[in-house]
Amino acid sequence: MMRPTQILRASELPIGKYSHYLNKDTWGHLGAILPHKGIITYTISANRQNVLAGAGRDAIFNTWRRFSMQVLYWAPPLMAAYYAMDWANKRNEYLNSKAGRAEFNGS
């Protein structure tokens, strides 16, 4: 005795197989009793796909484009902070030197 496969014995059959269509009793309560026509799906074989096609070139040019658009927002404050720290360090070294103490200690 041959038994039907598990998919045929299941309560919900796959859509589009064995005359089972989207209707009010299954998915989403769409209220359509008739078969849905015009649903087309396309696939491509896994060995024909080139997933990383152009990824290296796009990454380089996209990174440059994003960098060039944002550099004027962060570069001037960064340079100002660098020069302020450089001036403060040199001023601190001078004030703590022999000449700096003599200049401000004698007044």
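These remarks concern the structure in this document.

What counts as what
Residues numbered from 1 in each chain as written. Predicted model: local features only at pLDDT ≥ 70, side-chain atom pairs only at ≥ 80, totals over all residues. Heavy atoms only, no water. Phe/Tyr/Trp six-rings, centres within 6.5 Å; stacked < 30°, edge-to-face > 60°. Buried < 20%, exposed > 50% of the residue type's maximum accessible area, 1.4 Å probe, protein only. Patch = residues over 30% accessible without salt bridge, like charges linked within 9 Å, V, L, I, M, F, W, Y side chains within 5 Å. Areas by Shrake-Rupley, 256 points an atom, 1.4 Å probe, with all protein chains shown as cover. Salt bridge = Lys/Arg side-chain N within 4 Å of Asp/Glu carboxyl O. Helix = DSSP H or I, 4+ residues; strand = E, 2+ residues; numbered from the N terminus. Axes fitted to C-alpha atoms, helices over the stretch in contact; angles between N-to-C directions. Parallel < 35°, antiparallel > 145°, perpendicular 65-115°, else oblique. Contact = heavy atoms within 4.5 Å. Nonpolar A, V, L, I, M, F, W, Y, C, P; charged D, E, K, R; others polar.

This part takes up the packing of aromatic side chains. Applying the stated rule across the entire model yields three aromatic pairs. With a centroid separation of 5.5 Å and an interplanar angle of 70°, the aromatic rings of Tyr82 and Tyr83 are classed as edge-to-face. Here Tyr82 falls in the exposed class, since its relative accessible area comes to 54%. Tyr83 gets classed as exposed once you look at its relative accessible area, which sits at 53%. Every member of this aromatic cluster is reached through a ring pair, and the members are Trp64, Phe67 and Trp74.

A grouping of Trp64, Phe67, Tyr73, Trp74 and Leu78 is seen on the molecular surface, where their side chains present a nonpolar patch of about 640 Å² in accessible area. Mapped onto the fold, Trp64 is located in helix α2 (residues 55-95). A relative accessible area of 56% places Trp64 in the exposed class.

Take the packing of α2 against helix α3 (residues 98-105) next. Two numbers describe a pair of packed helices, the interaxial angle and the distance between the axes. It is at 5 Å that the axes of α2 and α3 come closest, and there the two elements cross at 75°. As judged from the angle between their axes, α2 and α3 are roughly perpendicular. Taken together, the residues of α3 that come into contact with α2 (itself represented by Arg91, Tyr94 and Leu95) are Ala99, Gly100, Arg101, Glu103 and Phe104. Counted by class, the contact of α2 with α3 contains four nonpolar, one polar and three charged residues.

A few words now on the pattern of salt bridges. Any two side chains of opposite charge can pair, given that their charged atoms come close. Within this structure, the stated rule accounts for one salt bridge. Its salt-bridge partner being Lys90, residue Asp86 comes within 3.4 Å of it at the nearest N-O pair. Of this pair, Asp86 and Lys90 are both found in helix α2, four residues apart, which corresponds to roughly one turn of the helix.

None of the figures reported here should be taken as evidence of function without further support.
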